[in-house]
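# Architecture and fold: a report
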Amino acid sequence: MSEPKNPFEAMIAQYQDMAKSMNPALESFSPKGFETLWPTMPKDMMEMFFGNSLNKDGLDAKTRLLLTLGALTVLGGQADAQIRLTVRHLLELGATKQEIVETIGQMSMFAGIPAMTKAMEIAQSVLEDNEESET
């Protein structure tokens, strides 16, 4: 194996080799596979945890999760799994495709077009999976 010219690539390759030596199963690790361990919470549970159960005049769970989606969009490519999970939870809470798309789109002025585009691609894949499971 030739040495990568970028020092960060060399460091990542070294860490990957170290992780594989400690746990050979990491060879086939997939973040998407890891996501299956975290199912979508039922709507009632989300309202209890994220909604206005403690503050009757506060934000509902859907609004809080739309804000969370905006914040995750600003994080860019670091939050793929979290964006997918949040979009699944939003769909469970009854958020529309338009609300999800507008939330991500609004972040373009704060996060930039590349981060917004990445989040939009992730959300689109979840929306497509959701449409397929409904048919």
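Scroll up for the structure.
A short tour of the structure in this document, coming up. These numbers were taken from a predicted model, which means no experiment stands behind them.

The rules behind the values
- Residues numbered from 1 in each chain as written.
- Predicted model: local features only at pLDDT ≥ 70, side-chain atom pairs only at ≥ 80, totals over all residues.
- Heavy atoms only, no water.
- Helix = DSSP H or I, 4+ residues; strand = E, 2+ residues; numbered from the N terminus.
- Buried < 20%, exposed > 50% of the residue type's maximum accessible area, 1.4 Å probe, protein only.
- Contact = heavy atoms within 4.5 Å.
- Salt bridge = Lys/Arg side-chain N within 4 Å of Asp/Glu carboxyl O.
- Core = buried A, V, L, I, M, F, W, Y, C linked by side-chain atoms within 4.5 Å.
- Patch = residues over 30% accessible without salt bridge, like charges linked within 9 Å, V, L, I, M, F, W, Y side chains within 5 Å.
- Areas by Shrake-Rupley, 256 points an atom, 1.4 Å probe, with all protein chains shown as cover.
- Lys, Arg positive; Asp, Glu negative; His and termini not counted.
- Charge placed at Lys NZ, Arg CZ, Asp CG, Glu CD.
- Axes fitted to C-alpha atoms, helices over the stretch in contact; angles between N-to-C directions.
- Parallel < 35°, antiparallel > 145°, perpendicular 65-115°, else oblique.
- Left-handed = near helix turned anticlockwise from the far one by under 90°.

### Quick notes on the overall build of the protein chain
A count of helical and extended segments in the protein chain gives 8 helices and 0 strands. When its helices and strands are written in sequence order, the protein chain yields α-α-α-α-α-α-α-α. Taken across its 135 residues, the protein chain has 24% of its residues classed as buried. Residue pairs at least 24 apart in sequence account for 58% of intrachain contacts in the protein chain once pairs closer than 6 positions are excluded.

### Comments concerning the pattern of salt bridges
Inspection of every chain in the model, using the stated rule, returns 2 salt bridges. A salt bridge links glutamate 99 to lysine 62, with the shortest nitrogen-to-oxygen separation between them at 3.1 Å. Residue glutamate 99 is found in helix 6 (residues 97-106), and its partner lysine 62 is found in helix 4 (residues 61-75); the two are separated by 37 residues along the sequence. Under the relative-accessibility criterion, glutamate 99 is labelled partly exposed at 27%.

### Things to note about the nonpolar core
Of all hydrophobic cores here, the largest spans 21 residues; its most connected members are Leu69, Ile83, Val87, Leu90, Ile100 and Ile104. Of all the elements, helix 8 (residues 113-134) adds the most residues to this core, at 6 residues. Once residues lying within four places of it in the same chain are set aside, the contact partners of leucine 69 are Ile83, Thr86, Val87, Leu90, Ile100, Thr103 and Ile104.

### Things to note about a nonpolar patch on the surface
Among the surface-exposed residues, Phe8, Met11, Tyr15, Met18 and Met22 lie close enough to one another that they form a single nonpolar patch of about 580 Å² accessible area. Topologically, tyrosine 15 is positioned in helix 1 (residues 7-22).

### Things to note about the environment of lysine 62
Each C-alpha atom, one on lysine 62 and one on glycine 94, is 7.8 Å from the other, the two residues being 32 residues apart in sequence. Contact partners of lysine 62, with chain neighbours within four places excluded, come to Leu90, Leu93, Gly94, Ala95 and Glu99.

### Observations concerning a negative patch on the surface
On the surface, Glu128, Asp129, Glu131, Glu132 and Glu134 cluster together into a patch of negative charge. Structurally, the position occupied by glutamate 131 is in helix 8. The partly exposed category is assigned to glutamate 131, whose relative accessible area is 43%.

### Considerations on the packing of helix 4 against helix 5 (residues 80-92)
Remark: helix 4 packs on helix 5, axes separated minimally by 10 Å, with the N-to-C direction vectors making an angle of 160 degrees. By the angle between their directions, the pair helix 4 and helix 5 is classed as roughly antiparallel. The two elements helix 4 and helix 5 cross, and the hand of that crossing is left-handed. Judged by residue contacts, Lys62, Leu65, Leu66, Thr68, Leu69 and Leu72 of helix 4 engage Gln82, Ile83, Thr86, Val87, His89 and Leu90 from helix 5.

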